[in-house]
Amino acid sequence: MCMYICVYGSNEDLKEMLESNKESLKLEAMKRIVGLIAKGKNASELFPAVVKNVASKNIELKKLVYVYLVRYAEEQQDLALLSISTFQRALKDPNQLIRASALRVLSSIRVPIIVPIMMLAIKEAATDLSPYVRKTAAHAIQKLYSLDPDQKEHLIEVIEKLLKDKSTVKYLDIHTNMTKMLLVIKMVVMAVSQLYWHLAPKHELSIITKSLVRLLRSHREVQYIVLQNIATMSIQRKGMFEPFMKSFYVRSTDATHIKTLKLEILTNLANEANISTILREFQTYVKSQDKAFAAATIQAIGRCATNISEVTDTCLNGLVLLLSNRDETVVAESVVVIKKLLQTQPSQHSDIIKHMAKLFDNITVPMARASILWLMGEYCEHVPKIAPDVLRKMAKTFTNEEDIVKLQIVNLAAKLYLTNSKQTKLLTQYILNLGKYDQNYDIRDRTRFIRQLIVPNEKSGALSKYARRILMAPKPAPVLQSAFKDRDRFQLGTLSHTLNSQASGYLELSDWPAVAPDQSVRNVEVVEPVRKQKNGNAVKVESRSESESGSESSSSESSSESGSELDSDSDSGTDQKKNTKPKPVHFVAYYSACVTSGINVSLQQVEKKEVSLLDLDDFLIITYLPPQIMQKTLLLIIMTKYILIHIVLSISTQFFVNCMCSLLHLCVFLACQFDAVSWHVHVSLQASSPVFVPETSHELLHRMTGKGLSAQYRFTRQPCIYGNSMVSLQLTLSNSSDQALENIHISEKSSTGQNIHRFNAIERLEPQASVTVSMGVDFNDSTQAANFQLCTKEDEFSVSIQPAVGELLLPITMSEADFTKEQGKLMGMNESSATITMTPENVSSQSVNRKVVSVANIGVIPSSQENIYRFAGKTVSSGSLVLVSVALKDPDAVITINTEKTVIGSMLLRQFKTALTNSGP
């Protein structure tokens, strides 16, 4: 909050600035106030100070004042009325924006006494020379009618006058027709998507993905329906939408219900490969001013932790950090989610339960307090010293607690009585006596039941013998799942699917027939198209073969000379012109960039990248180009599009000009975004030689399976010469048979997702001979095995290479100061740590360094601190930093890993723990 006030200033500071004699201070104050409004803050208290500046001569200041007044005129009507005369004068201002803003503010004051003034202002604005002011007048008509319906006749006259305005009618026609067309297109896309989802083969479903994602650029209502359908699809088919994951990132302008749906989809798409990116997004969302959205984000983090075991500890650590947040909603939701996660493995997280107990006094939300008390009671045996003290504090505040908290206090007292009666017997009796006379009958009934259950007496039945088994029975861990899990029972795009309840008139899909229908039902009568000549006569156009169409093209040329032209003929003439059209502009850009960069490339190779000239995917294509020509290609694309637009402007209508200018703005925006993403600057990272190279080899193919051909592979831990994102491997192929093996190679169609650089085919391998070759594999920073076919002239053998997580890294060098700086940037969910007890032989610096570098291909960073050892590396594929530190605290050691790749961090942490706790080399 302090930072927020420093940036925007308090209300008192802003009032002083607005009352200043300096125009610059007033302008700065208005900019800050409009910034507050944009962030959703309430700035209505400043209305008196702002409205004083409505008569300012500074045009920029006046515009900002009117922006503010339009927002708050309806709430502060009495104060706005005091400035009526100023608004009336502004209606005569030379600046069209000021005139329109004055009318907009005037129509926002909902007081019947100014109806005549509003009516007069609308009539004058309807005849204004500026189309923008006339459009504002049209929008003000409905506001005046809702305030005073008796003005209907006068307003109709104004509407008739506006309808005769050519520019207005043109605008209305274009707007109406475009709106209708867009709605039809959206309906068609949804209908086709529904058809594909229910009927198409699985491998064809990706066809509808891009179209659905494009609909997200529509209005909120359309976005809501489309996102609901995508949320249902993404549960069953994650792969469909994973390439478009960034399209579901939340924007600050999104409504809460849109944000929640996007959050749902991102959670559904989460897997081991992309969880690091998604958790980084979630870290930003948790800080949102939208409390409901922040709470939903915390629930999403919990779902990710449950579904992906590799990041469970990381998510827990991040949620524990949120317990110190100032926002009670965030803290409460974090406690509830932590409670659910701890139920999966409570024995391993007693420290978190202790930490939550320490923060208990600062937490005020009833649900959060109840959740902590439930954890204390359920796992009281893991915190035997803390749980009784918590019960002691709760006995003091029992009467002031909410009902949900009181119930958990009674449960905690009962469980402690059964497990630690020596310390808690008197406390339990005191709490049961308080509950016996509570105003809530649920608490009174629960108290009487617990007393009879845990304190045996003459009236107690046989049930008291089983009190411990009843209260301390193990509870199943809750299942965190998507709210859209069962919505697939309804057809996509239907009202029932949107409401998640069967609506009246809903028809379910019929079951698949047991017997295939007759093939004749697929025969569709083809209707021959009818086209018109320019003189109005209809001509039937029949489909023809390629040879016939060729003759038609030749005849069209002669017919055009004689003056009789048909649309079909002109089409074929156009086809001939297409054969001589110039190369698309981005081809020229790509080819020119290659030539100027000294790269040999043929036009045939360039043609394979063909995309429409005005397709915005031009900017996505260049991400696949070599780095040395990427920037030049981007620049040339923008330049050529700009030149093309200049040519079009000279021959186009104003409407088309606006469209092309919007395209140019979008192109430049995309270029800036691309530049910002692709060329941001990091701390200088220098690659270094590997500290340790393992000599052990792994079996790729056994000689019995390979019919005499055997293969071993090992990781060289050297930069791969075939690609910067590839892991370098060395293969040893041996022929243990009595016959020569020919044409040993890797099949071209064998890789499954990973990019593999294959070794050159071995033409002949003699009996009992061996050969060593090198290859590269891009594992995409994942331990998923690379599957491919190792082939000879006669056979094919399915093999796979499973990388250890430590082999996905390359060592780097950096200074200790840079290490500390980068480590500070990778905190929270990007940090994994564990405390271990080391054996005496592993405490020396040589032993720690040896064991760490044997597990992972990382470099040793010089450390000025005696008992802290630092290591650094980067992932081969994405170049993400991986920082490792081992702090010795006799006899324990704390291992800390900081990286954006949280899955890699968790896996490395487990391997380091195993290596440093085991004795031996």
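For the chain, an unreviewed UniProt entry supplies the name AP-3 complex subunit beta and the organism Cyprinus carpio. You can read under Sequence similarities (unreviewed entry) in the UniProt record for the chain the words "Belongs to the adaptor complexes large subunit family."

Colleague: Describe helix H5 (residues 59-72), naming the residues involved and giving the relevant values.
Modeller: The end-to-end C-alpha distance of H5 is 20 Å, a good match for the 20 Å that 14 residues give at a rise of 1.5 Å each. When H5 is considered as a whole, its buried residues turn out to be Leu61, Lys62, Leu64, Val65, Tyr66, Tyr68, Leu69 and Tyr72. Structurally, H5 contributes buried residues whose contacts are with helix H3 (23-38), helix H4 (47-51), helix H7 (84-90) and helix H8 (96-108). Backbone nitrogen of Glu60 and a side-chain oxygen of the N-cap are separated by 3.0 Å at the start of H5; the cap is Asn58.

Colleague: Go over the sheet that holds strand E10 (residues 770-778), please, and point to the residues and values.
Modeller: With antiparallel pairing, the five strands of this open sheet are ordered in space as E4-E5-E6-E10-E8. This sheet does not close on itself; its edge strands, each paired only once, are strand E4 (698-701) and strand E8 (755-757). For this sheet, the mean angle separating the axes of adjacent strands, direction not counted, is 35°. Bridging between E8 and E10 involves three bridges; their strand directions are antiparallel.

Colleague: Report on helix H2 (residues 11-18), specifying residues and quantitative values.
Modeller: When we look at burial in H2, the residues that qualify are Leu14, Met17 and Leu18. End-on, the buried residues of H2 take up no more than an arc of 95°, which puts them together on one face.

Colleague: Outline the packing of aromatic side chains, supporting the account with residue identities and numerical values.
Modeller: Inspection of the entire model under this criterion finds eight aromatic pairs. Ring centres of Tyr68 and Tyr72 lie 4.9 Å apart, and the angle between their planes is 45°; on these two criteria the pair is classed as tilted. Of this pair, Tyr68 and Tyr72 both sit in helix H5, separated by four residues, roughly a single helical turn. No difference in accessibility class separates Tyr68 from Tyr72, as the two residues are buried. For the ring pair Phe241 and Phe248, a centre distance of 6.2 Å and an interplane angle of 75° mean the geometry is edge-to-face. Residue Phe241 is classed as buried on the basis of its relative accessible area of 0%. By relative accessible area, which is 0% here, Phe248 ends up buried. Taken together, the aromatic side chains of Phe47, Tyr68 and Tyr72 make up a single cluster linked through ring pairs. Between Lys339 and the ring centre of Trp374, over which it is positioned, the NZ or CZ distance is 4.8 Å. Over the ring of Phe484 we find Arg487, and its NZ or CZ is 4.3 Å from the ring centre.

Colleague: Could you give me a rundown of empty space enclosed by the protein, with the residues and numbers involved?
Modeller: Applying the stated criterion to the full structure yields four cavities of 30 Å³ or more. Of the voids in this model, the second largest cavity is the one considered here, and its volume is about 70 Å³. Elements that contribute at least two residues to the lining of the second largest cavity include exactly strand E5 (709-719), strand E6 (727-735) and strand E13 (809-813).

Colleague: Go over the packing of helix H20 (residues 328-342) against helix H22 (residues 366-378) with me, naming the residues and quoting the values.
Modeller: How two helices sit against one another is set out by the angle between their axes and by the gap between those axes. Across the interface, H20 lies against H22 with an axial gap of 8 Å and an inter-helix angle of 25°. By the criterion of interaxial angle, the relationship of H20 to H22 is roughly parallel. Note that H20 runs across H22; the crossing there is left-handed. On H22, the residues that touch Ala332, Val335, Val336, Lys339 and Leu342 of H20 are Met367, Ala368, Ser371, Ile372, Trp374 and Leu375. A per-class count over the contact of H20 with H22 returns nine nonpolar, one polar and one charged.

Rules used throughout
The residue numbering used here restarts from 1 in each chain and proceeds along that chain's sequence as written. Note on the predicted model: pLDDT of at least 70 is required for a residue's local features to be given, and 80 or more for side-chain atom pairs to be given and counted; whole-chain, interface and lining totals, by contrast, use all residues. Just so you know, side-chain values use all the structure's heavy atoms and leave hydrogens and water out. UniProt positions are given in the numbering used here, feature names are shortened, and annotations may be inferred rather than shown by experiment. The way it works is that DSSP assigns letters per residue, a run of H or I at least four long becomes a helix, a run of E at least two long becomes a strand, and they are numbered from the N terminus. In this scheme, a helix's expected span is set at 1.5 Å multiplied by one less than its residue total. The classification of residues rests on relative accessible area computed with a 1.4 Å probe and restricted to protein chains. Under 20% of the type maximum is buried, over 50% is exposed, and intermediate values are partly exposed. Contact criterion: two residues are considered in contact whenever any of their non-hydrogen atoms come within 4.5 Å of each other. Under this definition, polar contacts are N or O atom pairs within 3.5 Å; protein pairs additionally need one hydrogen-donor-capable and one acceptor-capable atom, and for neighbouring residues in sequence, both atoms have to be side-chain atoms. Note on pairing: DSSP must find at least two bridges between two strands before they are called paired. The axes are straight lines fitted to the C-alpha atoms, using for helices just the contacting stretch, and the angles between their N-to-C directions are given from 0 to 180°. The arc refers to the directions leading from the helix axis to the C-beta atoms. Within 6.5 Å between ring centres, the rings of Phe, Tyr and Trp (the latter by its six-membered ring) count as paired, and their orientation is classed by plane angle as stacked under 30 degrees, edge-to-face over 60, tilted in between. Throughout this description, the term charge over a ring refers to an Arg CZ or Lys NZ atom that lies within 6 Å of the ring centre and within 35 degrees of the ring normal. Any residue with an atom within 4 Å of a point lines the site, the site being either a cavity, points on a 1 Å grid over the protein atoms alone where a 1.4 Å probe fits but cannot get out, or a pocket, an open set with protein on both sides within 12 Å along at least 5 of 7 lines. Grid points are joined across faces, edges and corners, and a volume is the space filled by probe spheres set on the points. Every angle not falling under 35 degrees, over 145, or within 65 to 115 is termed oblique; those three ranges are roughly parallel, roughly antiparallel and roughly perpendicular. Definitions for this section: a left-handed crossing has its near helix turned counterclockwise from the far helix by less than a right angle. A right-handed crossing has that turn clockwise. Ten residues, namely Ala, Val, Leu, Ile, Met, Phe, Trp, Tyr, Cys and Pro, are considered nonpolar, four, namely Asp, Glu, Lys and Arg, are considered charged, and the remaining ones, Gly among them, are considered polar.

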